[in-house]
Amino acid sequence: MLPHLIAIGWGVLGLAVCSLAADLPGNLAIDPTAAIKTQVPRVVPNSGRLQWKPHSRDLTEWPSLGYQDKRPTPKPQVTRLEGPSNGDVARGLGIAMDPARGNCVACHQLPGDAWPGTVGNPLLHYRRYGHQDAQVYQQIFDARVFNPNSVMPAYGTFGILSDQDVRDLVAFLQSLD
Amino acid sequence: MIRIAGFPLVWGASTLLGLALVQPPALSAEPAPYREMERPLETYIPHASGDRKFSNTYRYWKDPKNLDWRLAGNPDENWKLNWKFMDPPFNQAIHGGHFALDRGESLYKFLNRGGSFAACLGAGKGGLKGLRTSYPRYDKTLKRVVGLEEKIQICGAIEGRVLENGSYDNSAISLYIAGFSKGMPMRIDVSKGPLKEAFERGRRLYHTRAGRMNFACATCHIHNVGKHLRGNTVTTPFGDVVHFPVYRTKYELQSLQLRFMECNLDTGTQPLLPGSPAYTDLEVFLSALSNGYAVTVPSERD
């Protein structure tokens, strides 16, 4: 009898029910028919049901914690930057400060922000570390190449930033003296 | 792997499938996908005092009656109190948690007018007293580990009421039930059996990196406790579950598994549905890290 009742309970959610059709693992909070599949729960006072609204970003392309999620994590990727970075310092600054893009300031100290993160090294005078552009590019693209336990997101490998975005960041960081 | 949550069950077949559906998550034959783990996977002491080996802030918050209020007033020291200064009885003001408590009481009394709702939830002779402190627990009927909110959903359905896991009404009932355990320490026995297995799976999940940023819970909450992520300071995972479901100004009422969803979203990871086996295992793991710490409801957070 109980499985019936649980089926009722989950049926009314009507979310992951369709996830199989979308070829995604089960148990994800998604609406496979929506433009942004990732859904955020909204708690409605005095109601026994959750409301769902789209998240600001679709997160379904990366692995989740679900046991049914068999998609592999992207492995560390070695890059090769040859020649000058050809980056734009001003664009790099914008990417570093934008929470929706680089968000470097969440973990690193950068000029012009009074409340920086302290998880990563301060980047106030980055140029003085004396790193080559290619090293800096690799560190942003996929820091796991240098340190498998690196906390830093692999911005290139995971498709968070484009090649030009990373080049702009390299130029910005190398301008901090 | 075959589990109930999230799957549309075929009505006629569900009885036949029943046996298979209630199996604990079995490992399928296919190899595990490539995942990166936060190391080391320390041997956790399933007790709030286990924090001594990690952030070592336990000394600041272990006794909620004797908090050092100078820490609470200092943005650099605040985090050491693990937000316990926000829990009752320190904040006597009426907040959303009190309204939820009233809602939970009336719903509970209505659903339990025949006494079957309490029995379904596993209340013994002592009634609701102490019930909260022994959830998540192994459910003999379902033959798997369930959290309190998932059980409320199941028992509510038996009484003919939709109480989705994570919904306001579900969490309000959970809060009302937790109120009977106010001041009582959590006591989840993860030393043997299915709860131990769930604890171990939860511990592993806690260290498993996932999502767009490739973060695990442990990336911040084990390795970077006390450090700043802009305006936020990372706190310890120990002693944290005792104040859930919690009133949040942006969430009305937030169950622990809804909080997991928010954690996932904040770190760019696709969240799971409340009641998912992975979330329940995480709940077991974190509940065990609150063992010995008193239930404090109704609490509030910003």
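Residues numbered from 1 in each chain as written. Chains lettered and ligands numbered in written order. Predicted model: local features only at pLDDT ≥ 70, side-chain atom pairs only at ≥ 80, totals over all residues. Heavy atoms only, no water.

Participant: What exactly am I supposed to notice about the overall build of chain A here?
Facilitator: Of regular secondary structure, chain A possesses four helices and two strands. Listing every helix and strand of chain A by position from the N terminus yields α-β-β-α-α-α. With 177 residues in all, chain A has 49% of them scored as buried. Working note: accessible area of chain A is about 8,400 Å², and carbon and sulfur atoms make up 53% of it. (Helix = DSSP H or I, 4+ residues; strand = E, 2+ residues; numbered from the N terminus. Buried < 20%, exposed > 50% of the residue type's maximum accessible area, 1.4 Å probe, protein only. Areas by Shrake-Rupley, 256 points an atom, 1.4 Å probe, with all protein chains shown as cover.)

Participant: Mind showing me how you'd approach the interface of chain A and chain B here?
Facilitator: Many descriptions give the size of an interface as the accessible area lost when the pieces come together. Between chain A and chain B, the residue contacts involve 69 residues of the former and 70 residues of the latter. Here chain A and chain B share an interface that buries about 6,500 Å² over both sides, 65% of which is from carbon and sulfur atoms. At the surface where chain A touches chain B, the tally comes to two salt bridges. Notably, a salt bridge pairs R230 of chain B with D113 of chain A, separated by 2.3 Å at the nearest N-O pair. (Contact = heavy atoms within 4.5 Å. Buried area = accessible area lost by both parts, 1.4 Å probe. Salt bridge = Lys/Arg side-chain N within 4 Å of Asp/Glu carboxyl O.)

Participant: Sorry if this is basic, but what is going on with unusual backbone geometry here?
Facilitator: The bulk of non-glycine residues show a negative phi, and the bulk of peptide bonds are trans. Along the chain, Y135 of chain B connects to P136 of chain B via a cis peptide bond; the corresponding omega equals 0°. Counting through the fold element by element, P136 of chain B comes out in the loop between helix 5 (116-121) and strand 1 (137-139). At the junction of V297 of chain B and P298 of chain B, the peptide bond is cis and its omega measures out at -5° in the coordinates. Along the chain, the position of P298 of chain B falls in the loop between helix 11 (277-288) and strand 6 (300-301). Positioned with a positive phi, N86 of chain A is a non-glycine residue whose angle comes to about 55°. Looking at the element boundaries, N86 of chain A is found in the loop between strand 2 (50-54) and helix 2 (89-97). Among the residues examined, N86 of chain A registers a relative accessible area of 58% and is labelled exposed.

Participant: Would you mind going over the nonpolar core with me for this structure?
Facilitator: For soluble globular proteins, nonpolar side chains are generally found buried alongside one another. Core analysis: the biggest nonpolar cluster contains 83 residues, and L110, I140 and L173 of chain A together with Y44 and Y206 of chain B have the highest contact counts within it. With seven residues, the single largest contributor to this core is helix 11 of chain B. Those residues in contact with L110 of chain A, other than ones at most four positions away along the chain, are A96, M97, C104, V105, L123, L124, F172 and L176 of chain A. (Core = buried A, V, L, I, M, F, W, Y, C linked by side-chain atoms within 4.5 Å.)

Participant: Would you take a moment to explain the confidence of the model for chain B for this structure?
Facilitator: Any region with low pLDDT has predicted coordinates that should not be read closely. When the pLDDT values of chain B are averaged, the result is 88; 89% of them are 70 or greater. The low-confidence segment residues 1-25 of chain B, where pLDDT is below 50, has 45 contacts with residues more than four positions distant or belonging to other chains. (pLDDT = per-residue confidence, 0-100.)

Participant: Can you walk me through a nonpolar patch on the surface in this structure?
Facilitator: On the surface, a cluster of nonpolar side chains totalling about 280 Å² of accessible area is made up of V78, V145 and F146 of chain A. The topology assignment puts F146 of chain A in the loop between helix 3 (133-141) and helix 4 (163-174). (Patch = residues over 30% accessible without salt bridge, like charges linked within 9 Å, V, L, I, M, F, W, Y side chains within 5 Å.)

Participant: Is there a simple way to think about the state of the cysteines in this case?
Facilitator: Throughout the structure, instances matching the rule amount to one disulfide over all chains. In this model C120 of chain B forms its disulfide with C155 of chain B; the gap between the sulfur atoms is 2.0 Å. With the S-S dihedral at roughly -80°, the linkage between C120 of chain B and C155 of chain B falls on the left-handed side. Placement of the pair is C120 of chain B in helix 5 and C155 of chain B in helix 6 (residues 148-158), with a sequence separation of 35 residues. Note on C155 of chain B: relative accessible area 1%, which makes it buried. No disulfide involves C220 of chain B; its sulfur sits 6.8 Å from the nearest other cysteine sulfur, which is in C107 of chain A. Classification of C220 of chain B as buried rests on a relative accessible area of 15%. Left unpaired, C263 of chain B is separated from the closest cysteine sulfur, that of C217 of chain B, by 6.9 Å. (Disulfide = S-S within 2.5 Å.)

Participant: What should I look at first to understand the pairing of strand 1 (residues 39-43) of chain A in this one?
Facilitator: Residues in a regular strand project their side chains so that they alternate between the two faces of the sheet. Residue and element names in this part refer to chain A. Most of strand 1 sits inside the fold, with four of its five residues counted as buried. Judged from the five bridges that link them, strand 1 and strand 2 form a sheet pairing that is antiparallel. Bridging across to strand 2, R42 finds its partner in Q51. Count of turn residues in the strand 1/strand 2 antiparallel hairpin: six residues, of which N46 carries a positive phi of about 60°. (Pairing = 2+ DSSP bridges.)

Participant: Can you help me understand the packing of helix 6 of chain B against helix 7 (residues 168-179) of chain B in this one?
Facilitator: The relative placement of two packed helices is expressed as an angle between their axes plus a distance between the axes. All names here are of chain B. Close contact between helix 6 and helix 7 brings their axes to 9 Å; oriented N to C, the two are set at 115°. For the pair helix 6 and helix 7, the crossing hand works out as right-handed. Taken together, the residues of helix 7 that come into contact with helix 6 (itself represented by L148, E149, I152 and Q153) are N170, I173, S174 and I177. A class-by-class count of the residues in the contact of helix 6 with helix 7 yields four nonpolar, three polar and one charged. (Axes fitted to C-alpha atoms, helices over the stretch in contact; angles between N-to-C directions. Left-handed = near helix turned anticlockwise from the far one by under 90°. Nonpolar A, V, L, I, M, F, W, Y, C, P; charged D, E, K, R; others polar.)

Participant: How do you make sense of the confidence of the model for chain A when you look at a structure like this?
Facilitator: On average, chain A scores 89 in pLDDT, and the residues at 70 or more come to 88%. Ignoring residues within four places in sequence, the model shows residues 1-21 of chain A, a span with pLDDT below 50, making 53 contacts including any to other chains.

Participant: I tried to follow the packing of aromatic side chains on my own but got confused; where do I start?
Facilitator: Any pair of aromatic rings gets described here by the distance separating the centres and the angle formed by the planes. Evaluated as defined, the whole model comprises 15 aromatic pairs over all chains. Measuring from centroid to centroid gives 5.2 Å for Y58 of chain B and W61 of chain B, while their planes differ by 80°, and the two rings are edge-to-face. One end of the pair, Y58 of chain B, and the other, W61 of chain B, are both in helix 2 (residues 58-61), three residues apart, so they sit about a helical turn from each other. Given the relative accessible area of 0%, W61 of chain B is considered buried. Taking the centre distance of 5.2 Å and the plane angle of 50° together, the rings of Y206 of chain B and F285 of chain B count as tilted. One end of the pair, Y206 of chain B, is in helix 8 (residues 193-206); the other, F285 of chain B, is in helix 11, with 79 residues separating them in the sequence. On the accessibility criterion, F285 of chain B (0% relative accessible area) is buried. Every member of this aromatic cluster is reached through a ring pair, and the members are Y44, F54, F199, Y206, F238 and F285 of chain B. Lying across the ring of Y34 of chain B, K75 of chain A places its NZ or CZ 4.7 Å from the centre. K84 of chain B extends its terminal NZ or CZ atom over the ring of W61 of chain B, reaching a point 5.4 Å from the ring centre. (Phe/Tyr/Trp six-rings, centres within 6.5 Å; stacked < 30°, edge-to-face > 60°. Lys NZ or Arg CZ within 6 Å of the ring centre and 35° of its normal.)

Participant: Would you mind showing me how to read the pattern of salt bridges here?
Facilitator: When the charged atoms of two side chains with opposite charge come close together, those side chains can pair. All names here are of chain A. This model, assessed by the stated rule, comprises 23 salt bridges over all chains. When the shortest N-O distance is used, the salt bridge between D58 and K37 registers 3.8 Å. Here K37 lies in the loop between helix 1 (2-11) and strand 1 and D58 lies in the loop between strand 2 and helix 2, a separation of 21 residues in the sequence. Given the relative accessible area of 22%, K37 is considered partly exposed. We note a salt bridge from D165 to R101, for which the minimum N-O separation is 3.1 Å. Within this pair, whereas D165 is found in helix 4, its partner R101 is found in the loop between helix 2 and helix 3, the two being separated by 64 residues in sequence. The buried category is assigned to D165, whose relative accessible area is 7%.

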